[in-house]
Amino acid sequence: MAEEKKSENSTGIAAKLARPNILELQPYRCARDDYSEGVLLDANENALGPTSVPSNSLNPYDNHLVLERYPDPYQIELKKKYAEYRGNGLTHANIFCGVGSDEAIDLLMRIFCRPGVDNILTTPPTYGMYKVSAKVNDVEVITCPLSKTFDLRVPETLNAANNKTKLLFICSPGNPSCKAIPLTEIEKVATSSQYEGIVVVDEAYVDFSDKGSAVSLIQKYPNIVVLQTLSKAFGLAGIRCGFAIGAPDVIQLMNNVKAPYNVNSLTSEVALNAMNSTDTLERNVSILLEQREVVAKSLNSIEFVTQVYPSDSNFLLFRLREKAKEVYKTMANNGVVIRYRGSEMHCSECLRATIGTVEENEKFLMMLVETYQNLSN
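Reading guide: rules and limits
- Residues numbered from 1 in each chain as written.
- Predicted model: local features only at pLDDT ≥ 70, side-chain atom pairs only at ≥ 80, totals over all residues.
- Heavy atoms only, no water.
- Core = buried A, V, L, I, M, F, W, Y, C linked by side-chain atoms within 4.5 Å.
- Buried < 20%, exposed > 50% of the residue type's maximum accessible area, 1.4 Å probe, protein only.
- Contact = heavy atoms within 4.5 Å.
- Axes fitted to C-alpha atoms, helices over the stretch in contact; angles between N-to-C directions.
- Helix = DSSP H or I, 4+ residues; strand = E, 2+ residues; numbered from the N terminus.
- Parallel < 35°, antiparallel > 145°, perpendicular 65-115°, else oblique.
- Left-handed = near helix turned anticlockwise from the far one by under 90°.
- Nonpolar A, V, L, I, M, F, W, Y, C, P; charged D, E, K, R; others polar.
- Arc of directions from axis to C-beta.
- Pairing = 2+ DSSP bridges.

Caption draft 1: Looking closely at the nonpolar core. One finds Ile186, Ile224, Leu230, Leu299, Phe318 and Phe364 to be the most contacted residues of the largest nonpolar core, which totals 87 residues. Not counting chain neighbours up to four residues away, the residues in contact with Ile186 comprise Ile170, Ile181, Val199, Val201, Ala214, Leu217 and Ile224. Ile105, Tyr130, Cys171 and Ile198 belong to the second-largest nonpolar core, a separate cluster that totals 26 residues.

Encoded structure:
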């Protein structure tokens, strides 16, 4: 199939007219591209379920969302609720609401990076969409890897940036590292005279961490933008709703550039319901954190697991003695899907497992041991 696609792309109308950087693009490969059935512990979703659901109505004529009309283009009510929940003196003017965090990533590049001129800086191993969005927008990516223990190397990172670096992405807690970067380290980058661009702190997993949120730095440092989402702790990956939090002038530009009516009425309603159900959020997070410790302890007791990384997220990164890719594929084909991360920097022979329900975690651990033993015989 890949050969056929390549042939079509090389001779069709798209190849004649499309921008070269788009033809060269390696698209982001999401978890559902590979597996969509079984015990799904591969996409860092919240297996305990959503914080909220659409308002229930048994009346087919109940049109309380007035779906024949376009939604609020700026989602003011939702932004006010979200600002109130996150605190730190935020107002709706500090918040952009979009389609997951990915829309915000793309918009920031379109707003601040001149195609073919400017660059972004990332700290691998990290979230793959930064690189994909940069390629789409014809923006160069320069990198400064995290340390082998997944710490931000501040002096080296600042030295890697140049006068064309407009965005510096820090994923915290990291994916796949599952480690939060201390706020003091983020402050060092934001206050450095070596870097004059925007520091983008991607906090998709922040609700699972006790290290604090860079949202607390927004009022102090106008060059910090924080990305958050309802996809993880809130258990609402299916509604695709995310936020960028920053200085009002940055947020205004994002509102100016975004597509009109980018967040639909159904998504907005569920998101607002979630803001009124934060007790459910906190209860689910507590359960997942307890299970994270249970799973980590079990993994540490397994003889062929050589390392389990400390986690500030709803997933665990761990290293096998060998055969990580074979273990991943065999487990997935037998109904338990985790993620192979062995091709990422500093992650040789590593697998990543989302924390699921008690039953899912037990099945994962049992199959992990069984699979490795079978492959070793």
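Caption draft 2: Structural context of the packing of helix H4 (residues 76–86) against helix H10 (residues 265–275). Where H4 meets H10, the axes come as close as 10 Å, and the angle between the chain directions of the two elements is 25°. Judged on the interaxial angle alone, H10 and H4 are roughly parallel. When the axes of H4 and H10 are compared, the crossing they make is left-handed. Here Glu77, Leu78, Lys81, Tyr82 and Tyr85 of H4 come into contact with H10, specifically with Ala271, Leu272 and Met275. Along the lines of polarity and charge, the residues of the contact of H4 with H10 split into six nonpolar, no polar and two charged.

Caption draft 3: Geometry of unusual backbone geometry. Along the chain, Pro124 connects to Pro125 via a cis peptide bond; the corresponding omega equals 0°. Along the chain, Pro125 turns up in the loop between strand E3 (119–122) and helix H6 (129–136). Note the cis peptide between Asn175 and Pro176, where omega equals 20°. Residue position: Pro176 is located in the loop between strand E5 (165–171) and helix H8 (183–191). Even without glycine at this site, Asn88 takes up a positive phi of about 60°.

Caption draft 4: Just helix H9 (residues 248–257), in detail. Those residues of H9 that fall on the buried side of the exposure criterion are Val250, Ile251, Met254 and Asn255. Summarising the axial view, the buried residues of H9 lie within an arc of 140°, below the 170-degree limit, and thus occupy one face. Contact partners of the buried residues in H9: H4, strand E2 (95–98), helix H5 (102–112), strand E7 (224–229) and strand E8 (242–245).

Caption draft 5: Region of the structure containing the sheet that holds strand E10 (residues 315–320). Strand order in the open sheet made by the four strands is E9-E10-E13-E12, with antiparallel pairing throughout. Every other strand in the sheet has two partners, leaving strand E9 (305–308) and strand E12 (339–340) as the edge strands with one partner each. For E12 and strand E13 (residues 350–354), the ladder comprises two bridges, and the chain directions are antiparallel. Note that in E13 the partner of Arg339 across the bridge is Arg352. This element, helix H11 (residues 278–300), spans E9 and E10 of the sheet and lies at about 5° to E10.

Caption draft 6: Region of the structure containing the sheet that holds E3. If you walk across this open sheet you meet the seven strands as E2-E8-E7-E6-E5-E3-E4, and the pairing is mixed. The open sheet terminates on both sides in strands that have one partner only, identified here as E2 and strand E4 (140–143). When strand polarity is set aside, the average angle formed by the axes of neighbouring strands in this sheet is 25°. As judged from the four bridges shared by E2 and E8, these two strands associate in the antiparallel manner. Its bridge partner being in E8, Cys97 is matched across the sheet by Phe243. Relative to the sheet, H4 contacts E2, E7 and E8, its axis offset from that of E2 by approximately 120°.

The values reported here are purely geometric and, on their own, carry no functional implication.
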